[in-house]
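So the chains spell out like this:
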Amino acid sequence: MKVNGPSNPPAGRRNVIITCAVTGSIHTPTMSPHLPVTAEEIAEASIGAAEAGAAIIHLHARDPETGAPSADPDHFRAFLPAIAQKTDAVVNISTGGSSVMSLETRLAPARALKPEMCSLNMGSMNFGTFPMLDKYASWKHNWEPALLEATRRTVFQNTFEDIETILEDVGDRGGARFEFECYDVGQIETLGFYLKRGLVKPPVYVQFVLGVLGGAGAHPDTLVHMKATADRVLGDAYDFSVLAAGGKQISMATMGAIMGGNVRVGLEDNLTIAPGELAKSNAEQVGKIRRIIEELGLGVATPAEARQRLALKGAHAVEF
Ligand code: KMH
Ligand code: ZN
């Protein structure tokens, strides 16, 4: 299936990088039968998302038996080779894991597998998914309500020391470049601090994360403010993407594309394709945002273009 549009794009057309986060650690199996859990399901979802136009696949892992979030490198090894064989998409491994995991646990897959890209969360924060408890009367697994309830009392820890550890260990030594997750303007200031100190190196890829309970809300004025902050703090050293959790995912991503940015979709952050309608696949969300991007007269970036723009080390340099 042709992924990247016409072979002779109009001169000067900007291409948008689409990232797809296929499973994450926020949603649980009870919430959607389409949430990838097993290695086969995660691989299939990733390949489908790449075929639909995603240049970057953001990956968490799950225990294949229970669907519980896992940062066990072997759970990643169970699906990464199939993704690498079937697509040239950039693999972006989470260092956030689940907000209730220790940093050491969270960093294990990135340290073992040395991907081209990793997420890096730019500050400690509350990361509340407990409100979803009210939406389900029963659960497939006992761990599901327990995990959601745990977010009421757990700080998602990303201290300055944690951030420096990830920059030096996963970045400088492991060769990964980062999707810097900024959930509010203060975290953009932190990013600017490390850019000035030389620990963060351009091109800086900033993910404006909206709609997480504990972070900035998914509102146009908030996005405009975050962009203005990034312009002031990061100057021309950055490119940005927009990720809105929940039902505003597509509309805020669309605004991000209009503002000159890139987009992130995926069942990690939103289970629906329209209000009240579960997405049947990650590819369905990628297809929707891609159609919007193309209707706007924009193009869709290939993995090769993403690698060039983000100065990535290449798929040959990973350890999976
Ligand atoms: N789920 C997103 C809001 C990470 O994995 O390190 C943020 C995220 C963080 O994807
Ligand atoms: Zn993630």
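For the structure itself, look to the data block above.
Residues numbered from 1 in each chain as written. Chains lettered and ligands numbered in written order. Predicted model: local features only at pLDDT ≥ 70, side-chain atom pairs only at ≥ 80, totals over all residues. Heavy atoms only, no water.

A.B. asks: Would you mind going over the overall build of the protein chain with me for this structure?
C.D. replies: Helix and strand counts for the protein chain come out as 11 helices and 16 strands. Whereas a compact globule of 320 residues would reach a radius of gyration of roughly 20 Å, the protein chain reaches 18 Å, a difference of no more than 12%. Projected onto the principal axes, the alpha-carbon positions of the protein chain cover approximately 55 × 45 × 40 Å. The burial tally for the protein chain puts 57% of its 320 residues in the buried class. (Helix = DSSP H or I, 4+ residues; strand = E, 2+ residues; numbered from the N terminus. Rg over C-alpha atoms; globule rule 2.2 N^0.38 Å. Buried < 20%, exposed > 50% of the residue type's maximum accessible area, 1.4 Å probe, protein only.)

A.B. asks: Sorry if this is basic, but what is going on with the side chain of E268 here?
C.D. replies: Structurally, E268 is set in the loop between β13 (262-265) and β14 (272-274). Taking the relative accessible area as the measure of exposure, E268 reaches 6% and is therefore buried. Within polar-contact distance, the side chain of E268 engages the side chain of R264 at 3.1 Å. Residue contacts for E268: discarding those within four places in its chain leaves A21, V22, T23, G24, I26, H27, H58 and H60. (Polar contact = N/O pair within 3.5 Å; in protein donor to acceptor, adjacent residues only side chain to side chain. Contact = heavy atoms within 4.5 Å.)

A.B. asks: What is the right way to read the coordination of the zinc ion (ligand 2) from this model?
C.D. replies: Note on metal sites: the ideal angle is 109.5 degrees for four tetrahedral donors, and 90 or 180 degrees for six octahedral donors. The zinc ion (ligand 2) binds to the protein through H58 (NE2), H60 (NE2) and E268 (OE); the donor distances cover 2.0 to 2.1 Å. Along the chain, the residues donating to the zinc ion (ligand 2) fall in the pattern H-x1-H-x207-E. Pair noted here: H60 is in the loop between β3 (56-59) and β4 (61-62) and E268 is in the loop between β13 and β14, with a separation of 208 residues, a long-range link. (Donors = N, O, S within 2.8 Å, 3.2 Å for Na, K, Ca; no water.)

A.B. asks: Looking at this structure, I do not really get the site of ligand 1. What am I missing?
C.D. replies: In the vicinity of ligand 1 there are 14 residues, among which S94, S119, N121, E268 and D269 approach most closely. Take H58: an N or O atom from its side chain is 3.1 Å from an oxygen atom of ligand 1. In the environment of ligand 1, an oxygen atom lies 2.9 Å from a nitrogen or oxygen atom belonging to the side chain of N121. Protein coverage of the free-state accessible area of ligand 1, which is 300 Å², stands at 97%. Partitioning the shell around ligand 1 into residue classes produces 5 nonpolar, 6 polar and 3 charged. (Near = heavy atom within 4 Å. Areas by Shrake-Rupley, 256 points an atom, 1.4 Å probe, with all protein chains shown as cover. Nonpolar A, V, L, I, M, F, W, Y, C, P; charged D, E, K, R; others polar.)

A.B. asks: So what exactly am I meant to see when it comes to the packing of helix α7 (residues 185-196) against helix α8 (residues 220-234) here?
C.D. replies: Helix-helix packing is characterised by the crossing angle of the two axes and by the distance between the axes. One way to put it is that α7 packs onto α8 with a least axis distance of 9 Å and a crossing angle of 15°. The angle between the axes of α7 and α8 places the two elements in the roughly parallel class. When the axes of α7 and α8 are compared, the crossing they make is right-handed. Contact with α7, carried on its side by V185, I188, E189, L191, G192, L195 and K196, involves H225, M226, T229, A230, R232, V233 and L234 of α8 and no other residues of that element. Here the contact of α7 with α8 is composed, by residue class, of 8 nonpolar, 3 polar and 3 charged. (Axes fitted to C-alpha atoms, helices over the stretch in contact; angles between N-to-C directions. Parallel < 35°, antiparallel > 145°, perpendicular 65-115°, else oblique. Left-handed = near helix turned anticlockwise from the far one by under 90°.)

A.B. asks: Is there a simple way to explain the pairing of strand β12 (residues 238-244) in this structure?
C.D. replies: Put simply, side chains in a regular strand alternate between the two faces of the sheet. With 6 of its 7 residues buried, β12 lies for the most part within the structure. Alignment of strand β11 (residues 204-210) against β12, held across 7 bridges, turns out to be parallel. From the neighbouring strand, Q207 faces β12, where its bridge partner is S241. On the question of chirality, the crossover connecting β11 to the parallel β12 by way of α8 is right-handed. Where β12 lies against β13, 2 bridges are found, and the strand directions are parallel. Paired with V242 across the bridge in β13 is V263. Handedness of the β-α-β unit built from β12, helix α9 (residues 249-258) and β13 comes out right-handed. (Pairing = 2+ DSSP bridges. Right-handed = clockwise from strand over helix to strand, strands pointing away.)

A.B. asks: Quick question: what am I supposed to make of the sheet that holds strand β2 (residues 18-21) here?
C.D. replies: Sheet strands pair via backbone hydrogen bonds, and the direction of the pair is either parallel or antiparallel. Spatially, the 8 strands close up into a barrel ordered β2-β3-β6-β7-β10-β11-β12-β13, and their pairing is parallel. Strand after strand, the sheet turns through a mean of 25° between neighbouring axes, direction not considered. The pairing of β3 with strand β6 (residues 90-93) spans 4 bridges and is classified as parallel. From the neighbouring strand, L59 faces β6, where its bridge partner is I93. Against the sheet, α8 engages β10 (177-182), β11 and β12, with an angle of about 155° to β11.

A.B. asks: Can you walk me through the environment of K248 in this structure?
C.D. replies: Along the polypeptide, K248 turns up in the loop between β12 and α9. For K248, a relative accessible area of 38% puts it in the partly exposed group. Separated by 22 residues in the primary sequence, K248 and N270 have C-alpha atoms spaced 8.6 Å apart. If we ignore the near neighbours within four places in the chain, the residues touching K248 are A218 and H219. A polar atom in the side chain of K248 sits 3.1 Å from the backbone oxygen of A218.

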